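# Descriptive analysis of the structure
Now for the letters of each chain:
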Amino acid sequence: MTDPMHDTERPASDAGRTVRAAGDPVDGAEGTDPNDAGADADGSTVAGHVVLIAGATSAAGLAVASALAKAGAGVVAVGSNTERLRELRLAVPTAVTYRCDLADFAAVTTLAAVVHAEHGPIDGLIHLVGGWRGGGGLAGQSDADWDILHRSIVTTLRNTTRAFNDDLLVSPAGRLAIVSSVSVDKPAPGGANYAAAKAAAETWTRAVGQGFAKAGGTAAAVIFVVRALEGLETELATGVTGLWEQPAASINNTRVRLASS
């Protein structure tokens, strides 16, 4: 079968496949329509909800996608590398994948239009786009490193939240989650670029969460905090799937440090 992925300007899912939770196969993908699932109004479980993972081809993204699919969620996995997206589809066959430059707002709005057309509104946005540049003290915090970190950590978050915010607001259990760093609390000169970008991402996420609170609905924004994500992928995946088991009001605008970090 020819690889169905298109250029980033035309993000597209696997041909003929639909995001489904566990159930009868439909159009080549296993599952039942998430819109027909029986989750409670404010979450109860993630089963039946459609969750988009931005930066899905990392080790953390794969762990989260696998956990969500196992829990019965419809998984929309977004990345920028065709081969790694193909590997994710092999590992999580019920997921659908899109290739998109998430730092390009026009591309993200196109992605949102395609996702809406093919799967309807999403119920969760898990932002796992990141990166690391550091070292050399304050003098070593180069403009090039800052541009890379800002683009990957902040710009992609701004773009995806703006494109999908309305979905999360109207969802019966909308959830936004990002991964941040303990360096925000105790930044060092050699990691100032990185810590500043993470702090900006946290501020943006809290602003989104404040919007959720003002709307008075059932959406929540959560910040997971780690020292280093490597080795904590399974713990993160458990935390993400558990977001739908808690009332929005109890978790909105919270920072959750993973226990093993």
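Residues numbered from 1 in each chain as written. Predicted model: local features only at pLDDT ≥ 70, side-chain atom pairs only at ≥ 80, totals over all residues. Heavy atoms only, no water.

## What to know about the overall build of the protein chain
Let me state the cut-off plainly: A helix here means a DSSP run of H or I that spans at least four residues, while a strand means a run of E at least two residues long, and both kinds are numbered starting from the N terminus. Working rule for contacts: check all heavy atoms of both residues, and any pair within 4.5 Å makes them a contact. Areas reported as accessible are Shrake-Rupley estimates using a 1.4 Å probe. Residue values count occlusion only from the protein chains shown.
Each helix and strand counted, the protein chain has 7 helices and 9 strands in total. Sequence separation of at least 24 residues holds for 70% of the intrachain contacts in the protein chain that already meet a minimum separation of 6. With the model as given, the accessible surface of the protein chain reaches about 11200 Å², and the carbon-plus-sulfur share is 53%.

## What to know about the sheet that holds strand β3 (residues 50–54)
We count it as follows: Paired strands, as defined in this entry, are two strands with at least two bridges between them according to DSSP. Here an axis means a line fitted to C-alpha atoms, over the contact stretch when the element is a helix, while the angle between two N-to-C directions is reported on a 0 to 180 degree scale.
Taken together, the 7 strands give an open sheet; going across it, the order is β5-β4-β3-β6-β7-β8-β9, and neighbouring strands pair in parallel fashion. Edge positions in the sheet fall to β5 (96–99) and β9 (254–257), since each of these pairs with one other strand and no more. Pairs of neighbouring strands in the sheet enclose a mean axial angle of 20 degrees, with direction left out of account. When strand β4 (residues 74–79) meets β5, the two strands line up parallel, connected through 4 bridges. The residue bridging Val-78 from the neighbouring strand is Tyr-98, located in β5. Across the sheet, helix α2 (residues 82–91) touches β4 and β5, and the angle it forms with β5 is around 175 degrees.

## Let's talk about helix α5 (residues 192–215)
The condition that has to hold: Expected helix span is taken as 1.5 Å per residue step, with the number of steps being one fewer than the number of residues. When accessible area is computed with a 1.4 Å probe and restricted to protein chains, residues below 20% of their type maximum are described as buried, those above 50% as exposed, and intermediate ones as partly exposed.
Taking 1.5 Å of rise per residue, 24 residues should cover 34 Å, and α5 covers 35 Å from first to last C-alpha, within 8% of that figure. Along α5, the residues that are buried comprise Asn-193, Tyr-194, Ala-195, Ala-197, Lys-198, Ala-201, Glu-202, Thr-205, Val-208, Gly-209 and Phe-212. Tucked inside the fold, the buried residues of α5 contact α4 (143–170), β7 (175–181), β8 (220–226) and β9.

## A few points about the packing of α4 against α5
Helix-helix packing is described using two parameters, namely the angle between the two axes and the distance between the axes. What counts here: Each angle receives one of four descriptions, namely roughly parallel if under 35 degrees, roughly antiparallel if over 145, roughly perpendicular if within 65 to 115, and oblique otherwise. Residue polarity follows a fixed list, in which Ala, Val, Leu, Ile, Met, Phe, Trp, Tyr, Cys and Pro are nonpolar, Asp, Glu, Lys and Arg are charged, and the others, Gly among them, are polar.
One can describe the packing of α4 onto α5 by two numbers: an axis separation of 9 Å at closest approach and a directional angle of 10 degrees. Taken together, the axis directions place α4 and α5 in an arrangement best described as roughly parallel. Among the residues making up the contact of α4 with α5, the classes are represented as 16 nonpolar, 5 polar and 4 charged.

## Some words on the nonpolar core
One broad rule of soluble globular proteins: the nonpolar side chains tend to lie buried together. Cut-off, in case you're wondering: Put simply, a nonpolar core is a bunch of buried Ala, Val, Leu, Ile, Met, Phe, Trp, Tyr and Cys residues held in one set by side-chain atoms that sit within 4.5 Å of each other.
Core analysis: the largest hydrophobic core is formed by 33 residues, its most contacted members being Ile-53, Val-64, Leu-68, Ile-126, Phe-224 and Leu-236. The set of elements that each furnish at least two residues to this core consists of β3, α1 (59–70), β4, β7, β8, α6 (233–241) and α7 (248–251). Considering every element that reaches this core, the biggest residue donor is α1, with 5 residues. What Val-64 contacts, discounting residues up to four positions off in sequence, is Ile-53, Ile-126, Leu-128, Leu-236, Ala-237 and Val-240. Listed in part, the 26 residues of the second largest apolar core include Ala-54, Leu-102, Ile-122 and Val-208.

## Some remarks on the layout of surface pockets
Where we set the bar: Throughout, the protein atoms alone are placed on a 1 Å grid, and a set of points is a cavity if a 1.4 Å probe fits but cannot get out or a pocket if it is open with protein on both sides within 12 Å along at least five of seven lines; lining residues have an atom within 4 Å of a point. Grid points are joined across faces, edges and corners, and a volume is the space filled by probe spheres set on the points.
For the largest pocket, the calculated volume is near 780 Å³. Taken together, 35 residues line the largest pocket, and the ones lying closest to its centre are Ser-58, Leu-128, Val-129, Gly-130 and Gly-131. At the level of secondary structure, the elements contributing two or more residues to the lining of the largest pocket comprise α4, β7 and α5. Counting residues per element, the lining of the largest pocket draws most heavily on α4, which supplies 6 residues. In terms of residue class, the lining of the largest pocket is made up of 17 nonpolar, 13 polar and 5 charged.

## Notes on α6
Selection criterion: Think of it as the arc spanned by the lines of direction from the helix axis to the C-beta atoms.
Those residues of α6 that sit buried are Glu-233, Leu-236, Ala-237, Val-240 and Thr-241. The buried residues of α6 occupy an angular sector of 130 degrees when projected down its axis, which confines them to one face. Exposed side chains of α6 directed beyond 90 degrees from the buried face belong to Thr-234 and Thr-238. As for α6, its buried residues are in contact with α1, β6 (124–127), β7 and β8.

## Here we look at the side chain of His-127
The following threshold applies: Distance and chemistry together define a polar contact, namely a pair of N or O atoms within 3.5 Å, with one atom able to donate a hydrogen and the other to accept it when in protein, and with adjacent residues in sequence counting only for side-chain atoms on both sides.
Along the chain, His-127 turns up in strand β6. Judged by relative accessible area, which is 4%, His-127 ranks as buried. At 2.8 Å, the side chain of His-127 and the side chain of Thr-156 are in polar contact. Separated by 3.3 Å, the side chain of His-127 and the backbone nitrogen of Leu-157 make a polar contact. Setting aside its immediate chain neighbours within four residues, His-127 contacts Ala-54, Ser-152, Ile-153, Thr-156, Leu-157, Thr-160, Ala-177, Ile-178 and Val-179.

## Focus: the confidence of the model for the protein chain
Detailed reading of predicted coordinates is not advised where the pLDDT is low. The test is simple: The predictor reports its confidence for every residue as pLDDT, a score running from 0 up to 100.
Averaged over every residue, the pLDDT of the protein chain is 87; residues scoring 70 or more account for 83%. Between residues 1–18, whose pLDDT stays under 50, and residues either more than four places distant or in other chains, the model counts 56 contacts. In the predicted structure, residues 20–41 sits below a pLDDT of 50 and forms 47 contacts with residues beyond four places in sequence or in another chain.

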